[in-house]
Amino acid sequence: MSKNDNKMINWFALGESDSKQLVTWVFYAGLAIALYYSYIFGKAISVLLPTTITESTGFHTYSSVEAPNYALGMIGGILFFFVCMIIWKLLCELLLLVFESLRIYIDSKKMKEHSD
């Protein structure tokens, strides 16, 4: 264990956490939101693209019934989640890159001020 693992984080103090940890928490929260919207998307696909059930006995075909297509909805929801997950990961990586670049820039300015 490193020295920083035992350190308690004060969530109400600003500037105490590093950017990597904060972006990680934002990433996980975004995945939970993407999972919810994937469920809604899959449910909408299953209702909008129903399957038709017909009953027939050799000579006569009875009325057809439209039922939600749960398999297609599940596949659509899973694909939607993976697409959202990839896009969200890219956005979080870019956000982390911006934060790290700003940290490096600020540290270099501090070093320049101390050397002057």
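Please refer to the structure higher up on the page.
Fair warning: this is a prediction, and the values are worked out from it, not measured in the lab.

Undergrad: Honestly, the pattern of salt bridges in this entry has me stumped. Any pointers?
TA: Using the criterion set out here, one finds three salt bridges in the structure. The residue glutamate 93 makes a salt bridge to lysine 89 at a minimum N-O spacing of 2.9 Å. Here glutamate 93 and its partner lysine 89 are both found in helix H2 (residues 70-115), four residues apart, which amounts to about one turn of the helix. What makes lysine 89 partly exposed here is its relative accessible area of 42%. With a closest N to O distance of 3.0 Å, arginine 103 and glutamate 100 form a salt bridge.

Undergrad: When you look at H2 in this model, what are you seeing that I'm missing?
TA: Note: α-helices contain 3.6 residues per turn, so residues at a spacing of three or four share the same orientation. Compared with an ideal rise of 1.5 Å per residue, which puts 46 residues at 68 Å, H2 spans 66 Å between its outermost C-alpha atoms and is within 8% of the ideal. Among the residues of H2, Gly73, Gly76, Gly77, Phe81, Cys92 and Leu96 are the ones counted as buried.

Undergrad: Looking at this structure, how should I read the side chain of serine 19?
TA: Mapped onto the elements of the fold, serine 19 is located in helix H1 (residues 19-48). For serine 19, a relative accessible area of 17% corresponds to the buried category. Those residues in contact with serine 19 that lie beyond four places of it in its chain are Leu96, Phe99 and Glu100.

Undergrad: Just to check I follow, could you spell out the nonpolar core for this structure?
TA: The nonpolar side chains of a soluble globular protein tend to be buried with one another. Core analysis: the biggest nonpolar cluster contains seven residues, these being Val23, Phe27, Leu31, Ala34, Phe81, Cys92 and Leu96. Mapped by element, the contributors of at least two residues to this core are H1 and H2. A total of four residues in this core trace back to one element, the largest contributor, which is H1. Those residues within four positions of valine 23 in sequence are excluded, and the remaining contacts are Cys92, Leu95, Leu96 and Phe99.

Undergrad: Help me understand the side chain of serine 46 in this model?
TA: If you trace the backbone, serine 46 turns up in helix H1. Residue serine 46 is classed as buried on the basis of its relative accessible area of 5%. In this structure the side chain of serine 46 is engaged in a polar contact, spanning 2.8 Å, whose partner is the backbone oxygen of lysine 43. With residues near it in sequence (within four places) discarded, serine 46 still touches Pro68, Asn69, Tyr70 and Gly73.

Undergrad: What is the right way to look at the environment of alanine 44 in this model?
TA: Turning to its location among the elements, alanine 44 is positioned in helix H1. Sequence separation of alanine 44 and glycine 77 is 33 residues, and the distance between their C-alpha atoms is 9.2 Å.

The rules behind these values
- Each chain has its residues counted from 1, running along the sequence as written.
- Two thresholds apply to this predicted model, a pLDDT of at least 70 for residue-level local features and 80 or more for giving and counting side-chain atom pairs, whereas whole-chain, interface and lining totals are computed over all residues.
- Computation of side-chain values: all heavy atoms of the structure, hydrogens and water removed.
- We count a salt bridge whenever a side-chain nitrogen from Lys or Arg sits within 4 Å of a carboxyl oxygen from Asp or Glu.
- Strands are runs of DSSP state E lasting at least two residues, helices are runs of H or I lasting at least four, and both sets are numbered from the N terminus onward.
- The rule is simple: take the accessible area with a 1.4 Å probe, protein chains only, and divide by the maximum for that residue type; under 20% is buried, over 50% is exposed, in between is partly exposed.
- Here, expected helix span is obtained from the residue count minus one, scaled by 1.5 Å.
- Any pair of residues with heavy atoms lying within 4.5 Å of one another is described as a contacting pair.
- To define a nonpolar core, start from buried Ala, Val, Leu, Ile, Met, Phe, Trp, Tyr and Cys residues and group those joined through side-chain atoms within 4.5 Å.
- For the purposes of these results, a polar contact is taken to be a pair of N or O atoms within 3.5 Å, where, inside protein, one atom must be able to donate a hydrogen and its partner to accept one; residues adjacent in sequence count only when each atom of the pair is a side-chain atom.

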